[in-house]
Amino acid sequence: MAPSPRTQTTPTNADKYYDIVCYDGRGVNNTTPRFSCIDDAVARQKWTLDNKFSDLVGSSNVATKKAVARALALADTCSGEKGPKLGAFINTTPSVADIVAITEAHGKWRQEEATAMIAEDQSLSSSEKNNIRQPTAWDEDNEKLQVKRLIVDGICDPNAMYNGLWATSIQDTDKIITWFFDDCYKAGPNECPLYAEKGPASIQAILESTLESLNKTPLAVSGALGHGPEVITFSDVMRLVKEAVYSPIDLFPVLADLVADVSSGNGSKFASYKAKAPTKICATRSLDAHAVEDCPPYSEMLYDVLTAISCTDGQDLSNFWNKSQIFNEYYGLLRTQSKWMADYWMSWTLSC
């Protein structure tokens, strides 16, 4: 945020900027109370670990049915009578209301600060006072000064958002993975462990054959320094692909290294990667509802929060997923849009 007008000298053209106000939305990160559907510490840890390592939708019929059951269980927990009441107040409508209220309150604050500064400094000339007063003028009844329109990120397709079926979000996802294959080939064998002399298509073939093999027979990895005995699955690699899609600069090298490790039949690097995701149990909870707690970490509650924000904008889909035709049609649509993200996106949508 820009400094208070009290701390500024007479404004110049270089000072004519808007303040930038940043905050976490309701129930998000450091804004309290946080949104959490699971209060019991042990239950929270178990659920989080299952989220990290359960098989994804599409990896098998059993995995798909289990994913549906888990999604319905979480949805009922979050939206039931004993669920967090905050869930009804963190979607787009109240969030926009918060933004408007904060923006307008900030305008009023700037005017009050400017008025106080002018009153305190008797040495200011009339022109200097006007230079301070005019940029900070505020009148809550003046429609010209009120927020008229907001551009909210994440709502690229309002129709898809509000019907609850996010069917227009992943059409271009596979282009990101195509860049991964291209960049790996351009980087060469010294920089990309997944490099193949025949080109990007061969690198893609290595990833696809590795996934096909893991879906038939998961890779058993014996315990070693830094990790215990581990099993690398199809879903493990697909989750890593998803993470790489969202953070390509940081995770493309990791994806190349770990897929090369698994494709060679080793898997020790991937086992170490999985071991770096510990989840700690919180023994107690603060009696202060507005305290920001490090335990459980916000990363564990992120899924609850994002689901609540996304799902409460749309219609209730809980009855849809029990109808196999609707489920299959929607899942089929996603798979035509993205080979690499459809399974994860379907798992995400199920919670609504």
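Remember, it's a predicted structure, so these values are computed and weren't measured experimentally.

**Student:** Report on helix α13 (residues 342-350), specifying residues and quantitative values.
**Tutor:** Of all nine residues that make up α13, eight are buried, and the element is covered over most of its length. Within the sequence span of α13, burial applies to Ala-342, Asp-343, Trp-345, Met-346, Ser-347, Trp-348, Thr-349 and Leu-350.

**Student:** Please set out the side chain of Thr-48 residue by residue, giving values where relevant.
**Tutor:** With respect to the helices, strands and loops of the structure, Thr-48 is situated in helix α1 (residues 41-53). There is a polar contact of 2.8 Å between the side chain of Thr-48 and the backbone oxygen of Arg-44.

**Student:** Break down the packing of aromatic side chains for me, with residues and values.
**Tutor:** All told, the structure shown has six aromatic pairs when counted by the stated rule. Among the aromatic residues, those joined into a cluster by ring pairs are Phe-180, Phe-181, Phe-252 and Trp-340.

**Student:** With reference to specific residues and values, describe helix α11 (residues 298-311).
**Tutor:** Residues three or four positions apart in an α-helix share a direction because the helix packs 3.6 residues into each turn. Taking 1.5 Å per residue, 14 residues should reach 20 Å; α11 reaches 19 Å between its end C-alpha atoms and fits that length. Burial in α11 covers these residues: Tyr-298, Glu-300, Met-301, Asp-304, Val-305, Thr-307, Ala-308, Ser-310 and Cys-311. Taken together, the buried residues of α11 touch α1, α2 (61-79), α5 (158-163) and α13.

**Student:** Please give an account of a nonpolar patch on the surface that cites residues and values.
**Tutor:** A cluster of nonpolar residues, Val-21, Tyr-23 and Ile-102, forms a patch on the protein surface that exposes about 230 Å² of accessible area. Of note, Ile-102 is situated in helix α3 (residues 92-120).

**Student:** Mind laying out the packing of helix α8 (residues 234-246) against helix α9 (residues 248-263), listing which residues take part and the relevant values?
**Tutor:** Where α8 meets α9, the closest approach of the two axes is 7 Å, and the angle between their N-to-C directions is 155°. Between α8 and α9, the interaxial angle falls into the category roughly antiparallel. Between α8 and α9 lies a crossing whose hand is left-handed. Facing α8, whose interface residues are Val-237, Leu-240, Val-241, Glu-243, Ala-244, Val-245 and Tyr-246, α9 presents Pro-248, Leu-251, Phe-252, Val-254, Leu-255, Leu-258 and Val-259. Partitioning the contact of α8 with α9 into residue classes produces 13 nonpolar, no polar and one charged.

The rules we used
Residues numbered from 1 in each chain as written. Predicted model: local features only at pLDDT ≥ 70, side-chain atom pairs only at ≥ 80, totals over all residues. Heavy atoms only, no water. Buried < 20%, exposed > 50% of the residue type's maximum accessible area, 1.4 Å probe, protein only. Helix = DSSP H or I, 4+ residues; strand = E, 2+ residues; numbered from the N terminus. Polar contact = N/O pair within 3.5 Å; in protein donor to acceptor, adjacent residues only side chain to side chain. Phe/Tyr/Trp six-rings, centres within 6.5 Å; stacked < 30°, edge-to-face > 60°. Expected span 1.5 Å × (residues − 1). Contact = heavy atoms within 4.5 Å. Patch = residues over 30% accessible without salt bridge, like charges linked within 9 Å, V, L, I, M, F, W, Y side chains within 5 Å. Areas by Shrake-Rupley, 256 points an atom, 1.4 Å probe, with all protein chains shown as cover. Salt bridge = Lys/Arg side-chain N within 4 Å of Asp/Glu carboxyl O. Axes fitted to C-alpha atoms, helices over the stretch in contact; angles between N-to-C directions. Parallel < 35°, antiparallel > 145°, perpendicular 65-115°, else oblique. Left-handed = near helix turned anticlockwise from the far one by under 90°. Nonpolar A, V, L, I, M, F, W, Y, C, P; charged D, E, K, R; others polar.

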